[in-house]
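Inside the fold
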Amino acid sequence: MKRLMFIGLLLLGLTAQAQWPQVAESVNSEVTARKFTLNLTDDGKAQMVCFLPVTPSGRAIVGVPGGGYSVLSNGHEGYLASDWLNKQGIAYFVVNYRLPNGDRSLPIGDVQKGIRIVRDSAAVWGINPHDVGIMGFSAGGHLSSVISTLSDFDVRPDFTILFYPVISMDERVSHKWSCINFLGEEGHNDPELVRQYSTQNAVQRHLTPPAIIVTANDDRLVPFVTNGLEYYKAMRNAGNECTMHVYPTGDHGFGFGPWFKYHDLLLEDLGNWLKNLQAPKPDAIRVACIGNSITDGFGIDMATQYGYPAMLQKALGSDYWVKNFGVSGRTMLNNGDMPYMKEMAWRDALAFNPDIVVIKLGTNDTKPHNWVHMSEFKKDLEQMIKSLGKAKIILCTPIPAFKKSWNINDSIIVNDIIPIQQEVARKHGLKVIDLHTLMANDEELVIPDGIHPNEKGAAKMAEIIAGAIK
């Protein structure tokens, strides 16, 4: 019986694959201005079906159908969403990716190429290149979460929509065949690969885009407790923006199907989330905040909203686009215990192509095991400055270390770090903000460890830096 069911599903998926060009022709001309198909590979085995709205809002979504990495369920988990999305003014692009068959780089590469094409064609298609999201279903949800967490900055989406996603690659708690088909016959038994592509492990603070997860409580194929919920927990624990809607019933695979009991509520929930999702202006001035845990927002719950870079965004307004590239514990020193310039956040900051960069590093460099490399601090700071090209750079001195937590030494900050920063600033014509002086004598600005600013301290930092930028 199971074999017959599998063959039936396979035939259904193959039928969907064979018919998708005809489906693409069946669109609502009142909301869809143009539809067309692009080959993503020379042989046409991967294609992208494009639906451009009559009244574009500037937003775009790349759709990733499910199918257990064995077929493509691109009807109700693909094309069926086009009318509703185009009605919202959202351009929609369904990627019919190649199935992995043991080579996971195929589907990953196809979706990444689709996103790159959408961004590269943004001006022609009426799209804001900084407002391109991804929407994946089931195994396509896993693929979407891989793109959202593990891809380079230029092809990482700006937001993520996950319908009943496969998240874990541990087949004991997930959809077995999705795991085997994606990782391969040998790979699905490799603990490191299982861990790497179980994407709750790949969520990164500030770097993983906002997400909404849609699922049903009675999903028996992909249990949400060990999949969607794990992604939500990872996002929330990182302080990233995320929400989840768990409908009472619906099992698995309802997609945009009108037969889903909570279809109208689903559209209302998703529509409200999208309406409240803020996107930067295409021509906004880009501000990159580079730093350690003080920039990251350690000790501040939901630092994506209440850390100093988030406060800086509010202070500067919509003509600016502020991004937080802070990573806790990192050093300016390349020979420190955790060098910033070896982080994904540093690569992202460079790819962000900022107009203004606020650098606030040096606190962790004062730890004894790091400061043995003190002679290299100036050289490494200058390396960072030169790597940032023509961006306007603002150097911030470390804030006072009111206590010697983690062996952080305020004396070294005052007598060594700040003088080096000032020397480098004079040499390269940079602005210096002396946060150490401006925040001295006020321990109410930091949490009990005496090192990290609280919300009040973050707000003061944002006010000072905003004034310098403006």
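Residues numbered from 1 in each chain as written. Predicted model: local features only at pLDDT ≥ 70, side-chain atom pairs only at ≥ 80, totals over all residues. Heavy atoms only, no water.

1. Some words on unusual backbone geometry
Glycine aside, residues mostly have negative phi angles, and peptide bonds mostly take the trans form. A positive phi angle is found at Asn101, which is not glycine, with a value near 45°. Its identity as a non-glycine residue notwithstanding, Asp251 has a phi of 55°, on the positive side. For Asp251, the position within the fold is in the loop between β8 (242-247) and α9 (263-275). (Helix = DSSP H or I, 4+ residues; strand = E, 2+ residues; numbered from the N terminus.)

2. Comments concerning the sheet that holds strand β13 (residues 431-433)
The strand order β10-β9-β11-β12-β13 describes an open sheet built from 5 strands, whose pairing is parallel. Among the strands making up the open sheet, the edge pair consists of β10 (320-326) and β13. This sheet shows a mean twist of 20° between the axes of neighbouring strands, independent of strand direction. Where helix α12 (residues 308-316) meets the sheet, its contacts fall on β9 (285-291), β10 and β11 (356-360), and the angle it forms with β10 comes to roughly 170°. (Pairing = 2+ DSSP bridges. Axes fitted to C-alpha atoms, helices over the stretch in contact; angles between N-to-C directions. Contact = heavy atoms within 4.5 Å.)

3. Concerning the sheet that holds strand β3 (residues 60-64)
An order of β1-β2-β4-β3-β5-β6-β7-β8 is seen for the 8 strands of this open sheet, with the pairing classed as mixed. One side of each edge strand has no neighbouring strand; the edge strands of this open sheet are β1 (32-39) and β8. Neighbour to neighbour, the strand axes of the sheet diverge by 15° on average, direction disregarded. In terms of strand pairing, strand β2 (residues 47-53) meets strand β4 (residues 91-96) through 5 bridges, oriented antiparallel. Residue pairing in the sheet places Val49 in a bridge with Val94 of β4.

4. Some details on α12
Among all positions of α12, only Tyr308, Pro309, Ala310, Met311, Leu312 and Leu316 are buried. Where the residues of α12 are buried, they touch β9, α10 (293-296), α11 (303-306), β10, β11 and α18 (455-469). (Buried < 20%, exposed > 50% of the residue type's maximum accessible area, 1.4 Å probe, protein only.)

5. Side note on the packing of helix α3 (residues 105-120) against helix α5 (residues 139-150)
For the pair α3 and α5, interaxial distance at closest approach is 10 Å and the crossing angle is 65°. Here α3 lies roughly perpendicular to α5, going by the angle between them. The hand of the α3/α5 crossing is right-handed. Note on element contacts: α5 touches α3 through Leu143, Val146 and Ile147, opposite Pro107, Ile108, Val111, Gln112 and Ile115. Broken down by class, the residue content of the contact of α3 with α5 amounts to 7 nonpolar, 1 polar and no charged. (Parallel < 35°, antiparallel > 145°, perpendicular 65-115°, else oblique. Left-handed = near helix turned anticlockwise from the far one by under 90°. Nonpolar A, V, L, I, M, F, W, Y, C, P; charged D, E, K, R; others polar.)

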